[in-house]
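Summary of the model geometry
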Amino acid sequence: MGASSTYDRARSQIVEKPMTAVLGIIAVLLVFDLVRQLATGNLTIARMMSLVLDGVLRGLVIGLAGIGLSMTYSILNFANFAHGDYITAGAFSGWATTYVIAGGFGSAANIGSLALVGSGGSVFGGALGINAVQTPLAVLAGLVVSGVFTVALALAIDKFIYKPIRGSGGIPLLITSVGVAFALRYVIQFVFDSGTRGVTNTGSLPGIRPNVIDGTVAVTAHDVLLILVAGGLMLGVHILLQRTKLGKAMRAMSDDEALARITGIATERVIRSTWIIGGGLTGVSGFMFVLWKGTISWNDGWLLLLLIFAAVILGGIGSVYGAIAGGLVIGLTASTAVIWIPSGFARAAAFGVMILVLVVRPQGIFAGRSTA
Amino acid sequence: MSDDESGGEYGQSTEEQRAVVMGIDFRNDGLMLLTMLLGIYIIYLLAGLVIGFPFRGLMNQIGQLTFWIAVFAMASLALNLHWGYTGLFNIGIVGFMATGVYVTGILSKPVFGSGTSAAEIGGFGLPLWIGIIGGTVAAGLLGLIAALPALRLRADYLAIVTIALSEIVRFSLLSDSLSGHEIAGYRVGLGGGDGVILDYQDPLESLIRALSAPFDLILGEQGWLWNDVYLGIVVDFVANFIPNNPKPVVDNFAYSAVLLLILGGFYVVIRRMGNSPFGRVLKAIREDEDVTNALGKNTNMFKIKSFVVGCALMGLVGILWFGTQGSVTPNTFRPRITFYIWIALIIGGAGSNSGSVMGGAVFAAFLFQGPRYFKNVIETALGNPEAPSSFGQAMLPVSNGDVVPFLLYTLDSIRQLQLFMMGVVLIVLMHRRPDGMLGHRKEPASSIPLTRPIKRSGGGDTVATDGGETDE
Amino acid sequence: MSSEPETSGGTGGVDETDDRTLTTLGGAGDTAEVPLKVSGLEKHFGGITAVDGVEFEIDKGSMTGLIGPNGAGKSTTFNCITGTHKPDGGRVEFNGQDITGLEPYQVADRGLVRTFQIARELGEMTVLENMMVAPKHQRGEALWRSVLPYARNSVNQQEQEILERAWETLEFFDIDHLANEYAENLSGGQRKLLELARALLTDPQMLLLDEPFAGVNPSLEERLLEHIHELRDQGYTFLIVEHDMDLIMENCEKVIVMHQGRILTEGTPEDVRNNEDVIEAYLGGEV
Ligand SMILES: Nc1ncnc2c1ncn2[C@@H]1O[C@H](COP(=O)(O)OP(=O)(O)O)[C@@H](O)[C@H]1O
Ligand SMILES: [Mg+2]
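Residues numbered from 1 in each chain as written. Chains lettered and ligands numbered in written order. Predicted model: local features only at pLDDT ≥ 70, side-chain atom pairs only at ≥ 80, totals over all residues. Heavy atoms only, no water.

The name an unreviewed UniProt entry gives chain C is Probable branched-chain amino acid transport ATP-binding protein LivG, with Haloarchaeobius iranensis as the organism. As its UniProt record puts it under Sequence similarities (unreviewed entry), chain C is described as follows: "Belongs to the ABC transporter superfamily." (UniProt positions renumbered as here; feature names shortened; annotations may be inferred.)

Where an unreviewed UniProt entry is consulted, chain B appears under the name Branched-chain amino acid transport system permease protein, with the organism given as Haloarchaeobius iranensis.

Below is the structure:
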């Protein structure tokens, strides 16, 4: 323990601790300001709870979509920039189904317009009375189709586009995925047009408005459904990873692909399973996201993508639970940031958190082990 | 080949020197570029002439084509410095462009006054050249701020950080809270979602007036080059061919020509950076940063320099690109612009400067402007028919065997479809030609030709006949 | 390689670093008799103590072997000396200066240069480019000098000198016929040669070679050894990590044996060969 080791320790403290210290101070200041705002009545407790609820729900969507991204990121070793557009594709496939069923297979409106999710303002979801309570079957069918379609899409893209160049490394794959992203996004725009449209009938959507101290917090049936679907699927993934052989193989592969290969786990099979699970969850998250917010647009998924990356990185790439937790943190950040900063910067704040994590702790804040 | 005059002193035969400079046969590179450009222009002209495109429109297309070639080639060169040389995966290019454009705008916009509408914001009213320098420097500074923490990250993380940064820039530009403020007596701001009207003096006019200064001094006039030569002679001459309001067409051409000159400057500067010990270290960092560091190079410094210079140049390209558009809004600066430039670079082949220029030209001609031109030409040929307004309406007649509405809809949606096509092109390139059009090229990074020095200190030619390597 | 130092360079220098850059130094420096001194070096990875209180001194102009079974901590010791890893404790002195915890480039800059256990060539650069990266403080490494017209002339002059040295060194190692190959196309043995040749162009005083003979066929190994001996005779100091005990015993005048992160013993090959602990460690640790 010479002088230099003391020096080293001091050095590492200066490098690591001040960052923590600064972050701590910022956190304290934010809490302080929160208390001040609550005390002065700038912010009601009810509004705060609404924001938190909004953040949690947003976080569930992000987390659900993030599981797939995290899994492919660690097992295939590349950042799939097309992931956001898988979400959009899933959403449109599901909502086309929902429209067609809710529209009575063409009896309520032109079937083409239904299948195109009312492109060009030809049909409105509100007019069809679509919501989880009025048209449960249509919504359920859309949910299933969104998952199934996205699985098929993800598998096809992997087979024809990613697989042939899998050997050339993460960066060429990343660049290729950007190509996939643009191709998908603009095909969707070409077919479904570039308008954002409402898809649900929110007027007749049941919900509750419990009184909370100084106001009310609105909770709709779609909020509840999102919690149930996302929570259920996350639980399912948990069981799958912990209890099944496939889950073990996936965990092994995300830790070390070369090792997994020599220990004889059929990697191609694992990769396929990854796309199936990841794709399914992603598609469903797209459908649920649209159901929850009530509108659909060709760049929904793309706008979500960076938030999902933020969540995945925050949680530690490869970690399923990390993705979920990261999703909640990012969702909450994006939703509650408006308490402190102008709303235009809410999304920027979430990105800021991500950049901070990448720079300070690139292995993620929940890291320890990967996958599970 | 102006670049490397000094080689001769060291005993290379002039033959060798002329044929192979820096390991590239430059004459062929230049030739290839010229041939390609010529080809592009001929295709454009022919397509227009055959269809009977109006002359004015044709000239506009050609001027526009030149503009895009210059812009994408410059951006691609700047990106090549980042990715091709240093291996820095920057997918936030558009953020640096936006920074450059906005800072230039704010510095050089006229001061807010009675003439400005209340909703609008003013600027600092500085001369345009100060604005351009300011914008370029600001983009470089943003690069520096990003570089300090982010350059330690692996490539894919850097990608995510840079694209997030570019989106943060866009959100900031969109934000109401920064849209307009009183600063030191000036009413300035970012304009929020409405964007900024770039009502400074026209860049072309500024440039020509600036160049006019020495002539003005001699002739005792004001803006002689602009008033008498440009407006008086050039525009008047063109009026013989385009009688109705020829100035915009000439402006378009002249500005594009200026951009081509600037592109030449970009090319020389970046090529020199690359073909030098500096560029050699950048390449070494791209290949293996640890090794480069262990060889005694302060790799962080090199990376920061490369990143900042590249970002500043991207800012400058942004200014040259959007600076003449009259106004910009934050949503102009979406990530797809970054995507364009990446495709241009990958078409030409990352790592090669000549490739970057070619990639920029090919992208501009065939992927960017080409489809739009094609649409114009076809629509002109068909007499501007009415296209269906949605995919559904387009598909309906298809079931009856009538594909015309579908084709018209497709043509009408060319702007979306061209992005789809670009995506496909990128995928195909990554599959078939990941090294770009020119393939894998050896372009040794040195400021001199790397031939064996003729001065042999004895020993003769024993080496080559060593029998080769027998190991492994 | 020409052994006469080109002292002044005489290149109409723009900056004061000229002399250092272009001298074939060959350990000709007038610095301390004990260039490298390591004391109490420690490095932990999580729960593993990879290096545990390592101490040794290397004599000027000597060739010292560092041996030990796999996982003994040899590479980690190298990494801690050269700045690739930050040691958790201890001190490294080079030419009397404390270099503990410096960045790798700072260590290399002082004349202590390492090669890697797995040869790390700069794959998509030609062999010649690989070589020409190495010389320190090149004028053209300054961005402005590489761009501005007048300054570039002085860059070109220096480039010519570097080029000549690079060719000479390649000839010395008999890989000059590969000069314009991409380094990634070289065989394993050729890469090892390239790595050593490249390290030499940095004008080191001392070279740390991590398993320079691993993956090299016997005839090339012979040649590599010859080169190293020749360089040693020119005054370079060597510390060589090697797995193969016999090879070290035959070629080094001093041997340091590591085991489980510690120095087991050090001395002449004779002493070490007869040391019970060493026999134990090798037999116990390896079989
Ligand atoms: N970067 C690292 N992270 C974790 N453990 C390491 C790392 N480098 C080396 N080790 C561990 O330190 C010990 C010594 O390794 P090393 O120095 O490579 O041994 P040697 O070169 O003598 O074979 C080994 O147990 C190895 O697993
Ligand atoms: Mg080792």
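The magnesium ion (ligand 2) binds to the protein through Ser75(C) (OG) and Gln117(C) (OE1), with metal-donor distances spanning 2.1 to 2.3 Å. Of the two residues, Ser75(C) is situated in helix H2 (residues 74–82) and Gln117(C) in the loop between strand E6 (112–114) and helix H4 (127–133); the sequence distance between them amounts to 42 residues. (Donors = N, O, S within 2.8 Å, 3.2 Å for Na, K, Ca; no water. Helix = DSSP H or I, 4+ residues; strand = E, 2+ residues; numbered from the N terminus.)

Residues and elements named next belong to chain C. Spatially, the six strands line up as an open sheet ordered E6-E7-E8-E3-E9-E10, and their pairing is mixed. Each edge of the open sheet is held by one strand with a lone partner, namely E6 and strand E10 (262–267). Taking the axes of each pair of neighbouring strands and ignoring which way they run, one obtains an average angle of 15 degrees across the sheet. In this structure, strand E3 (residues 63–67) lies alongside strand E9 (residues 254–259), joined through four bridges in parallel fashion. Across the sheet, the residue bridging to Leu66 is Ile256, located in E9. (Pairing = 2+ DSSP bridges. Axes fitted to C-alpha atoms, helices over the stretch in contact; angles between N-to-C directions.)

Below, the discussion takes up a positive patch on the surface. A cluster of basic residues, Lys159(A), Lys163(A), Lys245(A), Arg269(A) and Arg272(A), forms a positive patch on the protein surface. Examined against the element boundaries, Lys245(A) turns out to sit in helix H8 (residues 245–255). (Patch = residues over 30% accessible without salt bridge, like charges linked within 9 Å, V, L, I, M, F, W, Y side chains within 5 Å. Areas by Shrake-Rupley, 256 points an atom, 1.4 Å probe, with all protein chains shown as cover. Salt bridge = Lys/Arg side-chain N within 4 Å of Asp/Glu carboxyl O. Lys, Arg positive; Asp, Glu negative; His and termini not counted. Charge placed at Lys NZ, Arg CZ, Asp CG, Glu CD.)

A full pass over the atoms with the stated rule returns 30 salt bridges over all chains. A salt bridge links Asp300(A) to Lys293(A), with the shortest nitrogen-to-oxygen separation between them at 2.9 Å. When its relative accessible area of 10% is taken as the criterion, Asp300(A) is described as buried. For the salt bridge of Asp98(C) with Arg91(C), the shortest nitrogen-to-oxygen distance reads 3.1 Å. Residue classification places Arg91(C) among the partly exposed positions, given a relative accessible area of 31%. Several salt bridges converge on common partners, so that one network encompasses Asp158(A), Arg166(A) and Glu268(A). (Buried < 20%, exposed > 50% of the residue type's maximum accessible area, 1.4 Å probe, protein only.)

For the rest of this paragraph, the subject is the UniProt feature "transmembrane region" (unreviewed entry) in chain B. All names here are of chain B. With numbering matched to this structure, UniProt assigns "transmembrane region" (unreviewed entry) to residues 31–55, 61–81, 88–108, 128–148, 155–173, 253–270, 307–324 and 339–368. Taken end to end, residues 61–81 comprises 100% helix and 0% strand; its first and last C-alpha atoms sit 30 Å apart. Taken end to end, residues 155–173 is 100% helix and 0% strand, and its two terminal C-alpha atoms sit 27 Å from one another.

Residues and elements named next belong to chain B. By the definition in use, this model includes 41 aromatic pairs over all chains. Both rings, one in Trp321 and one in Phe322, keep their centres 4.6 Å apart while their planes meet at 10 degrees; by these two values the pair is stacked. For the pair Trp321 and Phe322, one class covers both residues: buried. Considering the side-chain rings of Phe391 and Phe406, the 6.3 Å spacing of their centres and the 70 degrees angle between planes classify their relative orientation as edge-to-face. (Phe/Tyr/Trp six-rings, centres within 6.5 Å; stacked < 30°, edge-to-face > 60°.)

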